[in-house]
Amino acid sequence: QWLPKAHVEAPVGGSIILAGVLLKLGGYGLLRVSVLFHPSGTLIKVLVLSLLGRSILRIVCLRLRDLKVIIAYSSVVHMAFIIAGCISTTSWGVRGAIAIIIAHGVCSSGIFMVANIMYERSHSRNLVQNKGILNLFPAIRALWFILCVANFGGPFTYNLLGEILLIVNLASLSLPIVLRAGVISFFSAAYRLILYSSTQQGLRVNGRFSITAVTAREILIMFSHIWPLLLLLMSPMLI
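Residues numbered from 1 in each chain as written. Predicted model: local features only at pLDDT ≥ 70, side-chain atom pairs only at ≥ 80, totals over all residues. Heavy atoms only, no water.

A separate point is empty space enclosed by the protein. Over the atoms rolls a probe the size of a water molecule, and in doing so it shows where empty space is left. Under the defined criterion, the tally for this structure stands at two cavities of 30 Å³ or more. Every residue lining the second largest cavity is listed: Cys-61, Leu-62, Leu-64, Arg-65, Ile-70, Leu-127, Tyr-191, Ile-194 and Leu-195. The element that contributes the greatest number of residues to the lining of the second largest cavity is helix α8 (residues 175-200), accounting for three residues. Partitioning the lining of the second largest cavity into residue classes produces eight nonpolar, no polar and one charged. (1 Å grid on protein atoms, 1.4 Å probe; cavity = no way out; pocket = protein on both sides within 12 Å on 5 of 7 lines; lining within 4 Å. Points joined across faces, edges and corners; volume = space filled by probe spheres on them. Helix = DSSP H or I, 4+ residues; strand = E, 2+ residues; numbered from the N terminus. Nonpolar A, V, L, I, M, F, W, Y, C, P; charged D, E, K, R; others polar.)

Printed below as a string of structure tokens:
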């Protein structure tokens, strides 16, 4: 419960470090202690409950309207896949967890950066207040699209490779587990597309708004999140 609130209250730098580094260090810790796990009925129940809770949280995200809260919950929910890969203790599960840790650590921090760019100009994190805002900033529309697609594991992204490895690994454990993982992936794509379309389409709501041009510093920071994703896509054997 405290993590989304920490994201909302923290400055953009704190949100980027929390989503891109600290959460992923928790996943690294799970990987280090995964050798102590032994597949058992208790671990399977923990895994099922974890995926069920994350599925419900994905559905809740469809009703949220705060940009930072939506992105914060997405960072938390991705940990369910990492937990699933670590508990499975199989080679594919561990490799999939590593792929999710690396790829999501890059794209989630980039999404926080773009959300902050919109907030600094609209002075609001509400999706309604930011409707159609990216029509005024074509320089970041393509970058925002790439980050949103990569965040839910869209085609031709490193995140998709990690999710495929994890789902194939879960298929060997139990069918209900695979179904819960499928629900997480489906609703993850649903609210990411809502997030993208809400800022891309529609007429801008009248109110306080700054049409300040995107600075070179902001473009550089966004590209610094894009090129690692492209590099990972061209080097899938890194895992």
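A rise of 1.5 Å per residue sets the reference length of helix α6 (residues 138-151), with its 14 residues, at 20 Å; its end C-alpha atoms lie 20 Å apart and thus fit the reference within 8%. For α6, the secondary structure elements touched by its buried residues are α4 (67-88), α5 (91-122), α7 (158-171), α8 and α9 (216-234). Downstream of α6 by a residue or two, Gly-153 has a phi angle that is positive, lying close to 75°. (Expected span 1.5 Å × (residues − 1). Contact = heavy atoms within 4.5 Å.)

So, on to the environment of Ile-70. Assignment of secondary structure puts Ile-70 in helix α4. With relative accessibility at 3%, the residue Ile-70 sits in the buried group. Once you skip the residues sitting within four places of it in the chain, Ile-70 turns out to touch Cys-61, Leu-64, Arg-65, Leu-127 and Tyr-191. (Buried < 20%, exposed > 50% of the residue type's maximum accessible area, 1.4 Å probe, protein only.)

Where charged atoms from two side chains of opposite charge come close, those side chains can pair. Enumeration according to the criterion identifies three salt bridges in this entry. Put simply, Arg-125 and Asp-66 hold a salt bridge, and the shortest N to O gap is 3.1 Å. You can see Arg-125 sitting in the loop between α5 and α6 and its partner Asp-66 sitting in the loop between α3 (41-61) and α4, a full 59 residues away along the chain. For Arg-121, the salt bridge goes to Glu-120, with nearest N and O atoms at 3.9 Å. For Arg-121, a relative accessible area of 3% translates into the label buried. (Salt bridge = Lys/Arg side-chain N within 4 Å of Asp/Glu carboxyl O.)

Its 22 residues give α4 an end-to-end C-alpha distance of 33 Å, which sits within 8% of 32 Å, the value for a rise of 1.5 Å per residue. Taken across its 22 residues, α4 has 21 buried, putting it largely inside the fold. For α4, the N-terminal cap is Asp-66; the gap from its side-chain oxygen to the backbone nitrogen of Lys-68 is 3.0 Å. (Polar contact = N/O pair within 3.5 Å; in protein donor to acceptor, adjacent residues only side chain to side chain.)

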